[in-house]
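Here is how the chains run, residue by residue.
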Amino acid sequence: MMTPFRRKKSNKEFPVKVCTYDSELEFHLEHRATGGYLFDLICRTIGLRETWYFGLRYVDKKGYKSWLKMDKKVLDQHINLTAEGCVFMFMAKFFPENVADELVQEVTQHMFFLQIKEAILSMEVYCPPEASVLLASYAVQAKYGDYDEAVCKPGMLISENLLPQRVIDQYQMTPQMWEERIETWYADHRGMSRDEAEMEYLKIAQDLDMFGVNYFLITNKKNTAVYVGVTALGLNIYSKENKLTPMTTFPWNEIRNISFDGKKFFVKTNEEKGNVATTFYSEKARNNKELLDLCVGNHELYMKRRKPDTMEIQQMKAQAKEERQRRHIERNKLAREKQLREEAEQERANMEKRLMQLQEEMAAANEALRRSEEAAELLAEKNRLAEEEALLLSHKALEVEQEISRMRMTARKTEEEKIYLERKTQEAELLTAQMIEESRKRVMETEKLKNELIHARVAEKEAKEKLLNFLSRTSTESIFITPSSSPETPVLESNTYDLLADGDMDQLSLEIEKERVEYLTKSKQVQNQLKELRSEIEQLKIGEKQSPLDKISAQQTRLGENKYSTLKKLKSGSTKARVAFFEEL
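Residues numbered from 1 in each chain as written. Predicted model: local features only at pLDDT ≥ 70, side-chain atom pairs only at ≥ 80, totals over all residues. Heavy atoms only, no water.

> Explain the overall build of the chain residue by residue, including any values.
If you tally the helices and strands in the chain, you get 12 helices and 12 strands. Taken as a whole, the chain presents about 39200 Å² of accessible surface, with 54% of it coming from carbon and sulfur. (Helix = DSSP H or I, 4+ residues; strand = E, 2+ residues; numbered from the N terminus. Areas by Shrake-Rupley, 256 points an atom, 1.4 Å probe, with all protein chains shown as cover.)

> Describe the UniProt feature "binding site: a 1,2-diacyl-sn-glycero-3-phospho-(1D-myo-inositol)" (unreviewed entry) in the chain, naming the residues involved and giving the relevant values.
According to UniProt, the positions carrying the feature "binding site: a 1,2-diacyl-sn-glycero-3-phospho-(1D-myo-inositol)" (unreviewed entry) are Lys69, Met70, Asp71, Lys72 and Lys289. According to the relative accessible area criterion, Asp71 is exposed, its value standing at 66%. Residues in contact with Lys72, not counting those within four places in the same chain, are Thr34, Gly35 and Gln77. (UniProt positions renumbered as here; feature names shortened; annotations may be inferred. Buried < 20%, exposed > 50% of the residue type's maximum accessible area, 1.4 Å probe, protein only. Contact = heavy atoms within 4.5 Å.)

> Break down the pairing of strand β3 (residues 54-59) for me, with residues and values.
Among the 6 residues in β3, 5 count as buried, and that is most of the element. As judged from the 4 bridges shared by β3 and strand β5 (residues 86-92), these two strands associate in the antiparallel manner. Looking across to β5, one finds that Gly55 is bridged to Met91. Note that β3 and strand β4 (residues 65-67) share 3 bridges and pair antiparallel. The partner of Tyr58 across the bridge, within β4, is Ser66. Counting the residues that bridge the hairpin from β3 to β4 gives 5 residues, and of these Gly63 lies at a positive phi of roughly 90°. (Pairing = 2+ DSSP bridges.)

> So what's going on with the packing of helix α3 (residues 106-121) against helix α7 (residues 194-205)? Residues and values would help.
Helix packing for two helices is described by the angle between their axes and how far apart those axes are. The contact between α3 and α7 brings their axes to 9 Å, and the two run at 50°. Relative to α7, the element α3 is oriented oblique. The handedness of the crossing between α3 and α7 is left-handed. Residues Glu106, Gln109, His110, Phe112, Phe113, Ile116, Lys117 and Ile120 of α3 touch α7, and the partners they reach there are Arg194, Asp195, Glu198, Met199, Tyr201, Leu202 and Ala205. The residue inventory of the contact of α3 with α7, partitioned by class, reads 8 nonpolar, 2 polar and 5 charged. (Axes fitted to C-alpha atoms, helices over the stretch in contact; angles between N-to-C directions. Parallel < 35°, antiparallel > 145°, perpendicular 65-115°, else oblique. Left-handed = near helix turned anticlockwise from the far one by under 90°. Nonpolar A, V, L, I, M, F, W, Y, C, P; charged D, E, K, R; others polar.)

> Please set out helix α6 (residues 175-186) residue by residue, giving values where relevant.
Helix length check: α6, at 12 residues, gives a terminal C-alpha distance of 16 Å against a target of 16 Å (1.5 Å per residue), a fit within 8%. The set of residues buried in α6 consists of Trp178, Glu179, Ile182, Glu183 and Tyr186. Within α6, the buried residues cover an arc of 135° as seen down the axis, which keeps them to one side. Packing partners of the buried residues in α6 comprise α4 (129-144) and α5 (165-170). (Expected span 1.5 Å × (residues − 1). Arc of directions from axis to C-beta.)

> I'd like to hear about the nonpolar core, residue by residue, with values.
In terms of nonpolar packing, the biggest core is built from 73 residues, with Leu38, Phe88, Phe90 and Leu235 touching the most fellow members. A per-element tally of this core places α3 first, with 7 residues. Non-local contacts of Phe90, meaning those with residues more than four positions away in its chain, are made with Val18, Cys19, Thr20, Phe39, Ile42, Cys43, Ile46, Leu48, Phe54, Gly55, Leu56 and Met111. Counting 13 residues, the second-largest nonpolar core is a separate cluster that includes Val133, Ala136, Val140 and Tyr186. (Core = buried A, V, L, I, M, F, W, Y, C linked by side-chain atoms within 4.5 Å.)

> Go over the confidence of the model for the chain with me, naming the residues and quoting the values.
For the chain, per-residue confidence averages 79 on the pLDDT scale, and residues scoring 70 or more make up 81% of the total. Highest mean pLDDT in the chain belongs to α3 (93); lowest belongs to helix α12 (residues 563-584) (46). Long-range and interchain partners of residues 1-10, a stretch whose pLDDT sits below 50, account for 13 contacts in this model, where long-range means more than four residues apart. Note that residues 573-585 has pLDDT below 50 and, in this model, 14 contacts with residues that lie over four places away or in other chains. (pLDDT = per-residue confidence, 0-100.)

> Quick one: what's the story with a negative patch on the surface, residue by residue and with numbers?
Taken together, the side chains of Glu415, Glu416, Glu417 and Glu422 define an acidic patch exposed on the protein surface. By the secondary structure assignment, Glu417 is in helix α9 (residues 311-481). (Patch = residues over 30% accessible without salt bridge, like charges linked within 9 Å, V, L, I, M, F, W, Y side chains within 5 Å. Salt bridge = Lys/Arg side-chain N within 4 Å of Asp/Glu carboxyl O. Lys, Arg positive; Asp, Glu negative; His and termini not counted. Charge placed at Lys NZ, Arg CZ, Asp CG, Glu CD.)

> An account of the environment of Ser239 is needed here, citing residue identities and associated values.
If you trace the backbone, Ser239 turns up in strand β8 (residues 234-239). Given the relative accessible area of 17%, Ser239 is considered buried. Each C-alpha atom of the pair Ser239 and Val228 lies 9.0 Å from the other, and the pair is 11 residues apart in sequence. For Ser239, the contacting residues outside a window of four places in its chain are Tyr227 and Met247.

> Pulling in residues and values, what's your account of helix α8 (residues 285-305)?
Helix length check: α8, at 21 residues, gives a terminal C-alpha distance of 31 Å against a target of 30 Å (1.5 Å per residue), a fit within 8%. Of the positions making up α8, those classed as buried are Asn288, Glu290, Leu291, Leu294, Cys295, Gly297, Asn298, Leu301 and Tyr302.

> An account of the pattern of salt bridges is requested, with residue identities and associated values reported.
Enumeration according to the criterion identifies 24 salt bridges in this entry. Residue Asp293 pairs with Lys93 through a salt bridge whose shortest N-O separation is 2.6 Å. One end of the pair, Asp293, is in helix α8; the other, Lys93, is in the loop between β5 and α2 (99-102), and 200 residues separate them in sequence. Close ionic contact of Lys203 with Glu200 constitutes a salt bridge, the shortest N to O distance being 3.7 Å.

> An account of the side chain of Arg57 is requested, with residue identities and associated values reported.
Mapped onto the elements of the fold, Arg57 is located in strand β3. Among the polar contacts listed, one links the side chain of Arg57 to the side chain of Glu290, at a separation of 2.8 Å. (Polar contact = N/O pair within 3.5 Å; in protein donor to acceptor, adjacent residues only side chain to side chain.)

> Could you give me a rundown of the packing of aromatic side chains, with the residues and numbers involved?
Taken as a whole and judged by the stated rule, the model has 13 aromatic pairs. Relative to Tyr186, the ring of Tyr147 has its centre 5.4 Å away and its plane inclined at 85°; by these criteria the two rings are edge-to-face. With Tyr147 in the loop between α4 and α5 and Tyr186 in helix α6, this residue pair connects regions lying 39 residues apart in the sequence. Comparing Tyr147 with Tyr186, the two get one shared label, buried. On the basis of an interplanar angle of 55° and a centroid distance of 5.3 Å, the ring pair of Tyr215 and Tyr238 is categorised as tilted. Of this pair, Tyr215 sits in strand β6 (residues 214-219) while Tyr238 sits in strand β8, and the two are 23 residues apart along the sequence. (Phe/Tyr/Trp six-rings, centres within 6.5 Å; stacked < 30°, edge-to-face > 60°.)

> I'd love a proper account of the sheet that holds β5, names of residues and values included.
Pairing within the open sheet is mixed, and its 5 strands lie in the order β2-β1-β5-β3-β4. Single-partner strands in this sheet number two, and they are β2 (24-30) and β4. Going from strand to strand, the sheet's axes swing by 35° on average, the running direction of each strand aside. Here 7 bridges tie strand β1 (residues 13-19) to β2, and the two strands are oriented antiparallel to one another. Along β2, the bridge assignment pairs Cys19 with Glu24. Together, β3 and β5 form the strand contacts of α3, whose direction differs from that of β5 by roughly 105°.

Right under this line is the structure:
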């Protein structure tokens, strides 16, 4: 029977501290309180009804770990009582065969989850690396809920104790690399609640070889150290080097009896040859007591699982089922509300985004409208300017037409004047040619007169010589005939000849000078006419269409040299030569 709990404090009470894997509880117990009373008090406090899996672990005065006996007083079990009181660890003593079928309450699942997680992380239970990462992702899902990039920032999971140190040391991977792999699995668990994540964790963990095994070091008949592992299905014998693969297995349905005698531990099995006992040896008798206690408890649970559920378990399962359904409905409702809220927020964000887009489009439309108005005003101004320019161009076109007509008339007049000037030029050239011909004739006549004059002078000189000879002979004869005659007579005749000769020269020079003056006068008149004609032609001449000869002619004109000036120089030179020639004569 459970000892009634008295809330009234007395001087005979002592403090008790109970630790679980996620909390600490403190109680004050009477000195006569039993272990069962403390255990029931803890179960009522945390709301646990599946009490047959759990027990209270403590360290006695000799430093050994032991399980608190429920039928004895707490202070009679060699409890190490300190100033803070007695310290107990509330934990699972027995393990289920199938966690999904046997664990009913959520609090039971949570207690097993915390204990198995701690055993894996402390490497009491071996877990392969890949399973460690997957279990870590379920642990993160159970703690933080659905994966959210805004919450799960880089480096957040590094500070968490999620992987066994053996796994971390086994690979050359940085904490960031482990975090990335855990996040990859963690993101796949979206929509999973905490109890579902913890149950998935336990489903994976129960497949581990060391799950739910309590090991005891003993020796066999050959004095070889081996481990005896107590499990929910029976007893396993392991070698000292390998705790994963058992060498021998004794299922509970094949074991007839388990007992111990001091340091000896006996296991009797049912075989065809009769009862066969296997003997093991422990270092201490208390180890055999604890081993026997675990074997009895696991065997009772083993037999209990194979019987119909009791009314209490059926009620618990029904309540757990209803609770799960209620939570599932609430979770679906919350998920639906969350989805609707997210959709509403998304719709709101889309509407805000659409509003911003519409505002931007409206602003762009207003800007485009303003630019269009400015462009319209500018186009109107350009249109007005274009109309003015068109009107101005029409006036200019009319003026150009008039100017073209005028230029055409001027061109016709110019053409007529050009023809007239060409005719005048031809006449002037003809006149020039005539004058050149006349000058040539005059030169020929002058040459002819010169030749005649030369012949006449030669004839005159011969006649003079003949006359002198004649006179000389006559004077000689006169001397002899008339001595009184004067000798000056021949001299007089000689001087008379010279005078006549000088008179003829002067007269000839005058005639030549007169002809030269007349020629220069006519040549000057012709040059003036040609100059006037050339100036009139130059006004009508297009510079780009001048020939090379026209350019040379224009250059000679600027230098003052032309055909007539050259002829003038030749005429002047010829006249001076003739004068000099006559002077020499």
